[in-house]
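Okay, here's what each chain looks like letter by letter:
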Amino acid sequence: MTAPRRMAGLAASSVLAVAAAAHVGWAFGSSRPAADREQAASMFAGSEYAPGPAACLTVAGLLATAAALAAGAGGRHPLARLGRAGVAGTLIVRGVAGLTGNTERLGPWRVSD
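Please read these numbers as outputs of a predicted model, since none were measured by experiment.

S.K.: I would appreciate a short explanation of the packing of helix α1 (residues 3–27) against helix α3 (residues 53–70) in the present structure.
M.R.: A pair of packed helices is characterised by two quantities: the angle between their axes and the separation of those axes. One can describe the packing of α1 onto α3 by two numbers: an axis separation of 8 Å at closest approach and a directional angle of 165°. One element, α1, and the other, α3, form an angle in the roughly antiparallel class. Pair α1 / α3 crosses with left-handed handedness. Facing G9, A12, S13, L16, A17, A19, A20, H23, V24, W26 and A27 of α1, the residues of α3 in contact are P53, C56, L57, V59, A60, L63, A64, A66, A67 and A70. Per-class residue counts for the contact of α1 with α3 are 18 nonpolar, three polar and no charged.

Below is the structure:
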């Protein structure tokens, strides 16, 4: 693996790991970086209500797995490569939904105004 590709993988892995840690914090009642949980729900999910602990921990686990794959876990094994493609696709869909104001289509929560 080339040095720039390795650095990109480590950078992506770091961002995904921080996102996983944030979801663990939210599962246990944190609202950071927002002032309260309602503001955090509006900022990140476009919803009036924050997802529950089970949903936050599920996402945290998926993000931690994504971080490991981005860091190179599994090497060039076909399943690892498929996993990386799945991570990329999922993040693209989530990003587009957030940018276009269609986050509510991704989950069963109620959208805020």
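S.K.: I would appreciate a short explanation of the environment of A41 in the present structure.
M.R.: Relative to the assigned elements, A41 resides in helix α2 (residues 37–45). For the pair formed by A41 and A22, sequence separation is 19 residues and the distance between their alpha carbons is 13 Å.

S.K.: I would appreciate a short explanation of the nonpolar core in the present structure.
M.R.: Considering soluble globular proteins, one finds that nonpolar side chains tend to be buried as a cluster. Of all hydrophobic cores here, the largest spans eight residues; its members are L16, A20, L63, A66, A67, L69, A80 and V87. At the level of elements, α1, α3 and α4 (78–99) are the ones that each hand at least two residues to this core. Counting residues per element, this core draws most heavily on α3, which supplies four residues. Beyond its immediate sequence surroundings of up to four residues, V87 is in contact with A66 and L69.

S.K.: Looking at this structure, I do not really get α3. What am I missing?
M.R.: The α-helix advances 3.6 residues per turn, and as a result positions three or four apart in sequence lie on the same side. Here α3 is 18 residues long and its end C-alpha atoms lie 25 Å apart, about the 26 Å a rise of 1.5 Å per residue gives. Listed as buried for α3 are C56, A60, L63, A66, A67 and L69. Summarising the contacts, the buried residues of α3 are in contact with α1 and α4. At the C-terminal side of α3, G72 shows a positive phi close to 110°.

S.K.: I'm lost on the side chain of H23 in this one. Help?
M.R.: With respect to the element layout, H23 can be found in helix α1. With relative accessibility at 18%, the residue H23 sits in the buried group. Not counting the four nearest positions on each side in its chain, H23 is found in contact with C56, V59, A60 and L63.

S.K.: Is there a simple way to think about α2 in this case?
M.R.: Buried residues of α2: A40, A41 and A45, and no others. For α2, the angular spread of buried residues about the axis comes to 100°, placing them on one side. Buried residues along α2 sit in contact with α4. Among the residues of α2, the N-terminal cap falls to D36, whose side-chain oxygen and the backbone nitrogen of E38 are separated by 3.2 Å. In the segment just after α2, G46 is the residue with positive phi, at about 65°.

S.K.: Where do I start with the packing of aromatic side chains in this structure?
M.R.: When we look at a pair of aromatic rings, we describe it by the centre distance and by the angle of the planes. What the rule picks out here adds up to one aromatic pair. Ring centres of W26 and F44 lie 5.0 Å apart, and the angle between their planes is 35°; this geometry places the pair in the tilted category. One end of the pair, W26, is in helix α1; the other, F44, is in helix α2, with 18 residues separating them in the sequence. For W26, a relative accessible area of 15% puts it in the buried group. Classification of F44 by relative accessible area gives partly exposed; the value is 34%.

Reading the values: rules and limits
Residues numbered from 1 in each chain as written. Predicted model: local features only at pLDDT ≥ 70, side-chain atom pairs only at ≥ 80, totals over all residues. Heavy atoms only, no water. Axes fitted to C-alpha atoms, helices over the stretch in contact; angles between N-to-C directions. Helix = DSSP H or I, 4+ residues; strand = E, 2+ residues; numbered from the N terminus. Parallel < 35°, antiparallel > 145°, perpendicular 65-115°, else oblique. Left-handed = near helix turned anticlockwise from the far one by under 90°. Contact = heavy atoms within 4.5 Å. Nonpolar A, V, L, I, M, F, W, Y, C, P; charged D, E, K, R; others polar. Core = buried A, V, L, I, M, F, W, Y, C linked by side-chain atoms within 4.5 Å. Buried < 20%, exposed > 50% of the residue type's maximum accessible area, 1.4 Å probe, protein only. Expected span 1.5 Å × (residues − 1). Arc of directions from axis to C-beta. Polar contact = N/O pair within 3.5 Å; in protein donor to acceptor, adjacent residues only side chain to side chain. Phe/Tyr/Trp six-rings, centres within 6.5 Å; stacked < 30°, edge-to-face > 60°.

The analysis is restricted to geometry; functional conclusions fall outside its scope.
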